[in-house]
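Topology and contacts: notes
Chain by chain, the residues:
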Amino acid sequence: RKEVEQDPGPFNVPEGATVAFNCTYSNSASQSFFWYRQDCRKEPKLLMSVYSSGNEDGRFTAQLNRASQYISLLIRDSKLSDSATYLCVVFPNSNSGYALNFGKGTSLLVTP
Amino acid sequence: GAGVSQSPSNKVTEKGKDVELRCDPISGHTALYWYRQSLGQGLEFLIYFQGNSAPDKSGLPSDRFSAERTGGSVSTLTIQRTQQEDSAVYLCASSPGLAEYNEQFFGPGTRLTVL
């Protein structure tokens, strides 16, 4: 079983829509969680960290449910520029080394 | 300021040849990571460095892969006797230190094609 699993999509949504992505992880001892964004043929860039209490950054809201080992990302009022692949990323714990575990990503296409 | 840079941006090589990929991390970043991304796959961790030391090499796919870092800065990833399955984008990242809360900043990657 892959450590980080995401629905690959693609999610095709109209501008202004609200869209949510989900991610599950298998290592219950995982310590830190992130969403990265990757544009086509570009490098991944950090979108936001995910905290247990949930956190919001503008139109983006991230939630973590440790009991269910589940992470979500909500995008409100989608923009054309939000079109990208969203990577769910888990940092296992320092005893496992410092590599990030990446999901395969969820593809989002926002259409006019 | 300058981000992570990698060279070459593209490399086409013949099966069996050796290739060397270079990464220049952000100045002052002590931690450096190598990943690869194959078509349709997620990022796969290869190796990380703290300073010039690589404590865990278990992520390297085979003994044809090696990496080094000198002067706590530039790192090279070497693939010997390349195979077609080595074709991928090789991404380097750096962070200020080894801590789970540190953002990893990625370079643009080297796209390797093995014919």
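Before any of the text, the structure's been laid out above.
Anyway, here's the lowdown on the structure attached to this text. (Residues numbered from 1 in each chain as written. Chains lettered and ligands numbered in written order. Predicted model: local features only at pLDDT ≥ 70, side-chain atom pairs only at ≥ 80, totals over all residues. Heavy atoms only, no water.)

1. Quick word on the environment of Lys42 of chain A
Residue position: Lys42 of chain A is located in the loop between strand S4 (32–38) and strand S5 (44–50). Considered as a pair, Lys42 of chain A and Val13 of chain A are 29 residues apart in the sequence and their alpha carbons are 22 Å apart. (Helix = DSSP H or I, 4+ residues; strand = E, 2+ residues; numbered from the N terminus.)

2. Considerations on the side chain of Asn55 of chain A
All names here are of chain A. With respect to the element layout, Asn55 can be found in strand S6 (residues 55–57). Of note is the side chain of Asn55, whose polar atom sits 2.6 Å from the backbone oxygen of Ser49. If near-sequence neighbours (up to four positions away) are discounted, Asn55 is found in contact with Met48, Ser49, Val50, Phe60, Thr61 and Ala62. (Polar contact = N/O pair within 3.5 Å; in protein donor to acceptor, adjacent residues only side chain to side chain. Contact = heavy atoms within 4.5 Å.)

3. Points about the nonpolar core
With 23 residues, the main nonpolar core has Phe21, Trp35, Ile71, Leu73, Ile75, Tyr86 and Leu108 of chain A as its most contacted residues. Of all elements in the fold, only strand S3 (19–25), S4, S5, strand S7 (60–65), strand S8 (70–75), strand S9 (84–91) and strand S11 (106–111) of chain A reach the threshold of two or more residues within this core. If near-sequence neighbours (up to four positions away) are discounted, Ile75 of chain A is found in contact with Ala17, Thr18, Val19, Phe21, Arg59, Phe60, Asp82, Tyr86 and Leu108 of chain A. Membership of the second largest hydrophobic core comes to 21 residues, among which are Ile26, Trp34, Phe65 and Leu77 of chain B. (Core = buried A, V, L, I, M, F, W, Y, C linked by side-chain atoms within 4.5 Å. Buried < 20%, exposed > 50% of the residue type's maximum accessible area, 1.4 Å probe, protein only.)

4. A word on the state of the cysteines
On inspection of all chains with the given rule, the structure shows two disulfides over all chains. Through a disulfide, Cys23 of chain A is tied to Cys88 of chain A; the S-S separation comes to 2.0 Å. Judged by the torsion about the S-S bond (-75°), the Cys23 of chain A/Cys88 of chain A disulfide is left-handed. Of this pair, Cys23 of chain A sits in strand S3 while Cys88 of chain A sits in strand S9, placing them 65 residues apart in sequence. In this structure, Cys23 of chain A and Cys88 of chain A share a single accessibility class: buried. Each sulfur of the disulfide joining Cys23 of chain B and Cys92 of chain B lies 1.8 Å from the other. The sign of the -65° torsion about the S-S bond sets the Cys23 of chain B-Cys92 of chain B disulfide as left-handed. (Disulfide = S-S within 2.5 Å.)

5. Describing the sheet that holds S8 of chain A
All names here are of chain A. Taking strand neighbours across the sheet as the criterion, the five strands line up as S1-S3-S8-S7-S6 in an open arrangement whose pairing is antiparallel. A strand with exactly one partner marks an edge of an open sheet, and here the two such strands are strand S1 (4–6) and S6. Between one strand axis and the next, the sheet turns by 20° as a mean value, whatever way the strands run. (Pairing = 2+ DSSP bridges. Axes fitted to C-alpha atoms, helices over the stretch in contact; angles between N-to-C directions.)

6. Considering the environment of Thr85 of chain A
Residues and elements named next belong to chain A. Within the fold, Thr85 resides in strand S9. On the basis of relative accessibility, which here comes to 23%, the residue Thr85 falls in the partly exposed class. The spatial distance from the C-alpha of Thr85 to the C-alpha of Gln69 is 21 Å, given a sequence separation of 16 residues. The contacts of Thr85, once residues within four sequence positions are left out, are Tyr36, Arg37, Gln38, Lys104, Gly105, Thr106 and Ser107.

7. A few points about the pattern of salt bridges
All names here are of chain A. Under the definition given, this model contains seven salt bridges over all chains. Close ionic contact of Glu56 with Arg76 constitutes a salt bridge, the shortest N to O distance being 3.5 Å. Separated by 20 residues along the polypeptide, Glu56 in strand S6 and Arg76 in the loop between S8 and S9 bring together distant segments of the chain. The class of Glu56 is exposed, set by a relative accessible area of 59%. Here Arg76 falls in the partly exposed class, since its relative accessible area comes to 27%. The shortest N-O distance in the salt bridge between Asp82 and Arg59 comes to 2.8 Å. Of this pair, Asp82 sits in the loop between S8 and S9 while Arg59 is found in the loop between S6 and S7, placing the two residues 23 residues apart along the sequence. (Salt bridge = Lys/Arg side-chain N within 4 Å of Asp/Glu carboxyl O.)

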